[in-house]
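Each chain is listed here by its residues.
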Amino acid sequence: MSADESLNKAEDLLARLEAARGRLEATKDPDAAIELLQELSDLAREVEAELQRARRAAEADAAGS
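Just so it is clear, the model here is predicted, and its values are computed rather than measured.

Trainee: Looking at this structure, I do not really get the overall build of the protein chain. What am I missing?
Mentor: Looking only at helices and strands, the protein chain features two helices and zero strands. Whereas a compact globule of 65 residues would reach a radius of gyration of roughly 11 Å, the protein chain reaches 15 Å, over 25% beyond that. The principal-axis extent of the C-alpha atoms belonging to the protein chain is close to 55 × 15 × 15 Å. Counting all 65 residues of the protein chain, 22% fall into the buried class. Across the protein chain, the fraction of contacts at a sequence separation of at least 24, relative to all contacts at a separation of at least 6, is 61%. Total accessible area computed for the protein chain in this model is approximately 4600 Å², and 54% of it derives from carbon and sulfur atoms.

Structure follows, in structure tokens:
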């Protein structure tokens, strides 16, 4: 996967994270809040992984040039 593809995927994940955060702010249900917090945590990990992939791909491209 290229750096651009990883960055695009990270942007999509950030949009999902923002949507989940909005749902968390709107909920009054403690059980739903816990599920949303887990979703936020999972999405944040996925964003971090994509950013790491993008960094490695960019470094590989720079080393190959």
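Trainee: Hey, could you run me through helix α2 (residues 30-64) in this one?
Mentor: Three or four residues apart is the spacing at which side chains of an α-helix point the same way, because the helix has 3.6 residues per turn. Spanning 35 residues, α2 covers 51 Å between terminal C-alpha atoms, matching the ideal 51 Å at 1.5 Å per step. Among the residues of α2, Ala33, Leu36, Leu40, Leu43, Val47, Glu50, Ala54 and Ala57 are the ones counted as buried. Where α2 is buried, its residues contact α1 (3-26).

Rules of the game
Residue positions are given per chain, counted from 1 along the sequence in the order it is written. It should be noted that, the model being predicted, local features are given only for residues of pLDDT at least 70 and side-chain atom pairs only at 80 or more, the latter also being counted only at that level, while totals for whole chains, interfaces and linings use all residues. Processing note: side-chain calculations cover all non-hydrogen atoms of the structure and skip hydrogens and water entirely. Only DSSP runs of H or I with at least four residues qualify as helices, and only runs of E with at least two residues qualify as strands; both kinds are numbered from the N terminus onward. For this measure, only C-alpha atoms enter the radius of gyration; the expected value for a globule follows 2.2 Å times N^0.38, where N is the number of residues. Note on exposure labels: buried denotes an accessible area under 20% of the residue type's maximum, exposed denotes more than 50%, and partly exposed covers the range between, all computed with a 1.4 Å probe on protein chains only. Residue contacts follow a heavy-atom distance rule, with two residues in contact if any of their heavy atoms lie within 4.5 Å. Accessible surface area values rest on a Shrake-Rupley calculation with a 1.4 Å probe, where residue burial reflects the displayed protein chains alone. Any helix carries an expected span of 1.5 Å times its number of residues minus one.

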